[in-house]
Amino acid sequence: MSVITLRVTEEKHERIKSLAVSRGVSVNKLIDEAMTIMIAKQDIETRFKARAAKGDITAGIALLDKVLEKREAYDKTLSR
């Protein structure tokens, strides 16, 4: 395991501490989870770009449209 020194403003540090408390985790765990999410997003984007380079544009747009439709339907259920 490695140690990282992180410089943030006092205000941001207080907000991070408050967020960690509200989630019932340590500041270290909160930052570790945030970094894990960022790495996962980067991995997903990299895989998506690699597959997109090999894929069918029309089929890809159709899939994205399908996802958008489902998202819009989901959002409507939340606003009720």
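Residues numbered from 1 in each chain as written. Predicted model: local features only at pLDDT ≥ 70, side-chain atom pairs only at ≥ 80, totals over all residues. Heavy atoms only, no water.

This brings us to the overall build of the protein. When its secondary structure is counted, the protein shows three helices and zero strands. In the protein, the succession of helices and strands from N to C terminus is α-α-α. Taking 2.2 N^0.38 as the reference for a compact globule, 80 residues should give roughly 12 Å; the C-alpha atoms of the protein span a radius of gyration of 19 Å, well beyond that estimate. Along the three orthogonal principal directions, the C-alpha set of the protein runs to about 50 × 40 × 20 Å. Within the structure as shown, the protein displays about 7800 Å² of accessible surface, and the carbon and sulfur contribution to it stands at 59%. Averaging the locations of the 16 positively and 12 negatively charged side chains of the protein gives two centres separated by 3 Å. (Helix = DSSP H or I, 4+ residues; strand = E, 2+ residues; numbered from the N terminus. Rg over C-alpha atoms; globule rule 2.2 N^0.38 Å. Areas by Shrake-Rupley, 256 points an atom, 1.4 Å probe, with all protein chains shown as cover. Lys, Arg positive; Asp, Glu negative; His and termini not counted. Charge placed at Lys NZ, Arg CZ, Asp CG, Glu CD.)

Reported here for the largest pocket is a volume of approximately 390 Å³. Lining the largest pocket, in full, are Ile44, Phe48, Arg51, Ala52, Gly55, Asp56, Ile57, Ala59, Gly60, Ile61, Leu63 and Leu64. At the level of elements, α2 (27–54) and α3 (57–78) are the ones that each hand at least two residues to the lining of the largest pocket. For the lining of the largest pocket, the leading source of residues is α3, giving six residues. Looking at the second largest pocket, its volume works out to about 300 Å³. (1 Å grid on protein atoms, 1.4 Å probe; cavity = no way out; pocket = protein on both sides within 12 Å on 5 of 7 lines; lining within 4 Å. Points joined across faces, edges and corners; volume = space filled by probe spheres on them.)

For the structure shown, the criterion picks out three salt bridges. With a closest N to O distance of 3.0 Å, Asp75 and Arg71 form a salt bridge. Of this pair, Asp75 and Arg71 both sit in helix α3, four residues apart, which is roughly one turn of the helix. (Salt bridge = Lys/Arg side-chain N within 4 Å of Asp/Glu carboxyl O.)

Further remarks concern the confidence of the model for the protein. Averaged over every residue, the pLDDT of the protein is 92; residues scoring 70 or more account for 99%. Per-residue pLDDT, averaged within each element of the protein, yields its smallest value for α3 (87) and its largest for helix α1 (residues 10–23) (97). (pLDDT = per-residue confidence, 0-100.)

Here the focus is α1. Between its first and last C-alpha, α1 extends 20 Å over 14 residues, near the 20 Å set by a 1.5 Å rise per residue. One or two steps after α1, the chain reaches Gly24, where phi turns positive at roughly 75°. (Expected span 1.5 Å × (residues − 1).)

Now for a nonpolar patch on the surface. A cluster of nonpolar side chains, namely Ile4, Leu6, Val8, Met35 and Ile39, defines an oily patch on the protein surface of about 470 Å² accessible area. Residue position: Ile4 is located in the segment before α1. (Patch = residues over 30% accessible without salt bridge, like charges linked within 9 Å, V, L, I, M, F, W, Y side chains within 5 Å.)

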